[in-house]
Amino acid sequence: MASSTTDTLNLPLYAYRPLQGGHFRFIELLPGVEGDPIRIRIYHSPIYASLVTSRPRMRLREVRATLPEGWHVELMRCSRYLFSTPGRQPSWTHPNPDIEPSSYLVPQPEHIPKFEAVSYAWGTDTALLSITVDQKPGQPSFSLLIRPNLMVALEHLRNPSTVRTLWVDAICINQADFGEKAIQVSKMSTIFSQAYRVIVWLGPKQADSDRALRALKILGTKWEWTWTYEQWVSPDATEDWRLLDVSSILNNEVEEAIRSLLRRPWFSRLWVVQEAGLASTLSVVQCGHVELLLRQFRNSLFYLLLCEGGMSWASCCTPLSMCSRPEGPRDGFRRVLWDLASLECSDPRDRIYGLLGVLSQSVVQKIEPDYHISVKELYKQVVLKHANSTGAFELWFDHLVSGEEQWDADRTDPTWVPDWSLKQRNFWLGDSNRFAAGLSRVDFEYEDPGILVVRGVICGTIATVSDIGPSDPHVSIEEGARWLQHSQPPLEEFYRGLYRPTGDPISLAHVANLSGFQYKERFVDNCPSSSMPTIDEWKSSIYITSTQEAMLSRANRGTLIPWTCCRVIANKRYVTTEEGHMGLAPGRVRREDKVVVLLGCSSPIILRPRSNGHFSMMGEAIIYGLQDGRALLGPVPTPWKTKTDPGYLWLKFFNEETGKVTDDDPRLHPLGEESEWQPDYVSEALPRGGYQHYRIWKNKRTGETCKHDPRMSPDALRERGVDLVTLRIE
């Protein structure tokens, strides 16, 4: 590594000039070879859009309309369109050569200046090294102090004969100016989305790093996957990935090399998530002097996660989440916060600010980075602003972290404000596909000091509570089985009993609870995963008798059942209510707690009555019989069944007699021509191509639109006889 030379140390320190509005700092990394001191130039510039313009990219249905007969197209998670026809290798190129490529290819950033943004881990070394900042010819040079790991990165990124234009946060943001820092933090998404490519710098070469990257490149070029997890042979593959023998690539040494790579500091840093999530398709992962396309790196991790003989969920889950774009229909504030809860950040406010670039813009635009407000105040504002913006309560999924902690009934902090500063989320509640409040909108007010006033329905009182489930979501199958043995209905009741609240088989209620409603029959058309287990597969796998040592046979260890079930039960208690419901509740649940469905909340909530008539928040629950708006609208009439779309964005209704699937809830009166509200569908463009589709309701008179069914407003529900109550949560 080049060290600070005597000449550099004797130079005066570089003094930052203030940035003008709309300007950014960039560095020009001057050429050099190994051993040469690092020299840079710093300049200020806005980012100008290129004069080159192109028409908007076609949507998926528009591309499909242009295909020759026998061809098929899918939108991949890398945001590219993949074209296929039987008997031929899939292709990124449209089969009709007359179709202009710019109309369907992912638009690449074309901005001035053309720059690369560096995503890296700062490190903890407090020692500083000096680099030279050159000025215009004839002007004096200065020294700038940087950390050793950045020095190493610049040495590897430097070209031997050409200048390289970079954006590096430690240099391009004046870290001593908190006002500038707050402004630049709010513009991080601009930097990383408009860089022509992002360099994910993992660090210098180590003994086994080249071996790991070679294996990942082989695996990463084999396949692509859609937003609904359908797997396709990649056009870049030299052989069908389904015929690939993983053991020929993944021996013990290579697998340990990959694990070692995934343990590097970059994979523990929160800020890098938006940096990689907004990166262009040209972006790379670099370790030493070896590069791998970021999308290939992402593909290889997903392959290792799903393939037989691959690596564990614990090894791949967080790195995969960090390298993925949270832009698909299932990804939102809730998903991003949970997936990335274990990552490091020096300031707990950065749990929010560090993710602004990858969160919903409808929420982000209401949150301005402000390092002067307290952490608790920020988290409270996020809950309130998110609920106002989205019309949903969906951030209580990780409200409680440890079920064994003592609950302080006299605590003064609002119990409805999550503490996201806690790194670990030691439980999981599945995805937001339960629709406990249907498509209703939140109805709440905030009262000082710290009281959340909400409307909903009290559905029951906790009657029995099991021992707490395993504390680790990645618990062994055997340990999960031991807990299940003491928490499920007797054998005869499991297979023949009926569930009192709904009349369904008890086995179905048990499966729904333990799977987090993750079973194939729950979904219309494409499941989120082709390996999603059926109800019968769940039944045969989870019921434990006293003679069984594990809840799953070896044949089932390769399915989604083991890790789904073990994650769902972690830090939960199996509960029943006086009204006959059963399900999973947070570890702090007690007898006499209330089960409540709040307007705009996808899951039932556990509340604890306080002596003053108010309530304390315990967190979300999974309770069969309270899904799909049943507490507000009642059961769906025969022959209809509720399902959900693969993106979990809205309910669908399946007619078992006709096979018809509709978005119209048979429990609600039709919106006729005389109604001022009409349903419609919109598509929202995603930053890196593709679209997210929503169902909305539009007011014909005012033009107002909303994502919540106006027939489920508080007044409309009361007219139906729903007993909505007002609850104050402290």
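Quick notes on the rules
Residues numbered from 1 in each chain as written. Predicted model: local features only at pLDDT ≥ 70, side-chain atom pairs only at ≥ 80, totals over all residues. Heavy atoms only, no water. Helix = DSSP H or I, 4+ residues; strand = E, 2+ residues; numbered from the N terminus. Buried < 20%, exposed > 50% of the residue type's maximum accessible area, 1.4 Å probe, protein only. Contact = heavy atoms within 4.5 Å. Areas by Shrake-Rupley, 256 points an atom, 1.4 Å probe, with all protein chains shown as cover. Salt bridge = Lys/Arg side-chain N within 4 Å of Asp/Glu carboxyl O. Polar contact = N/O pair within 3.5 Å; in protein donor to acceptor, adjacent residues only side chain to side chain. Axes fitted to C-alpha atoms, helices over the stretch in contact; angles between N-to-C directions. Parallel < 35°, antiparallel > 145°, perpendicular 65-115°, else oblique. Nonpolar A, V, L, I, M, F, W, Y, C, P; charged D, E, K, R; others polar. Phe/Tyr/Trp six-rings, centres within 6.5 Å; stacked < 30°, edge-to-face > 60°.

*Asks:* Now, about the overall build of the chain: what can you tell me, with residues and values included?
*Replies:* Helix and strand content of the chain: 22 helices and 30 strands. Expressed as a percentage of its 730 residues, the buried residues of the chain come to 58%. Within the chain, counting contacts between residues at least 6 apart in sequence, those at least 24 apart form 68% of the total. Surface exposure of the chain reaches about 31300 Å², of which carbon and sulfur atoms provide 49%.

*Asks:* Break down the pattern of salt bridges for me, citing the residues and quoting the values.
*Replies:* A full pass over the atoms with the stated rule returns 29 salt bridges. For the salt bridge of Glu74 with Arg64, the shortest nitrogen-to-oxygen distance reads 3.5 Å. With Glu74 in strand S4 (residues 72-75) and Arg64 in helix H2 (residues 60-65), this pair connects stretches of sequence that are 10 residues apart. What makes Glu74 buried here is its relative accessible area of 13%. Between Arg269 and Glu275 there is a salt bridge; the shortest N-O distance is 3.8 Å. Take Arg269 and Glu275: they sit in the same class, and that class is buried. A network of salt bridges, in which partner residues are shared, links Glu116, Arg164, Arg197 and Glu291.

*Asks:* I'd like a rundown of helix H5 (residues 178-185), residues and numbers included.
*Replies:* Every buried residue of H5 is accounted for by Glu180, Ala182, Gln184 and Val185. The N-capping residue of H5, defined by a side-chain oxygen 3.1 Å from the backbone nitrogen of Gly179, is Asp177.

*Asks:* Residues and numbers for the packing of helix H7 (residues 209-220) against helix H8 (residues 252-262), please.
*Replies:* At a minimum axis separation of 8 Å, H7 and H8 run at an interaxial angle of 100 degrees. What the angle tells us is that H7 and H8 run roughly perpendicular. Facing H7, whose interface residues are Ser209, Arg211, Ala212, Leu213, Ala215 and Leu216, H8 presents Glu253, Val254, Ala257, Ile258 and Leu261. Along the lines of polarity and charge, the residues of the contact of H7 with H8 split into 8 nonpolar, 1 polar and 2 charged.

*Asks:* Go over the packing of aromatic side chains with me, naming the residues and quoting the values.
*Replies:* A full pass over the atoms with the stated rule returns 14 aromatic pairs. For the ring pair Trp266 and Phe267, a centre distance of 5.1 Å and an interplane angle of 85 degrees mean the geometry is edge-to-face. The exposure class of Phe267 is buried, given its relative accessible area of 6%. Residues Tyr353 and Tyr371 carry aromatic rings whose centres are separated by 5.2 Å and whose planes lie at 70 degrees to one another, so their mutual orientation is edge-to-face. Note that Tyr353 is positioned in helix H13 (residues 350-353) and Tyr371 in the loop between helix H14 (361-364) and helix H15 (375-390), a separation of 18 residues in sequence. Exposure class is identical for Tyr353 and Tyr371. Each is buried.

*Asks:* Please set out the packing of helix H18 (residues 506-515) against helix H19 (residues 535-542) residue by residue, giving values where relevant.
*Replies:* Following both chains from N to C, one finds H18 and H19 inclined at 85 degrees, their axes separated by 10 Å at the closest point. Of the possible angle classes, the one that applies to H18 and H19 is roughly perpendicular. Contacts between H18 and H19 pair Ser507, Leu508, His510, Val511, Leu514 and Ser515 from the former with Ile535, Trp538, Lys539 and Ile542 from the latter.

*Asks:* Tell me what's going on with unusual backbone geometry, and back it up with residues and numbers.
*Replies:* Glycine aside, negative phi is the norm for most residues, and most peptide bonds take the trans geometry. Going from Ile112 to Pro113, the amide bond is cis rather than trans, its omega being 5 degrees. Structurally, Pro113 is set in the loop between strand S6 (111-112) and strand S7 (116-119). Here the bond from Thr638 into Pro639 is cis, since omega is 10 degrees, no more than 30 degrees from zero. Although it is not a glycine, Asn571 adopts a positive phi angle of roughly 60 degrees. Within the fold, Asn571 resides in the loop between helix H20 (561-569) and strand S18 (572-577).

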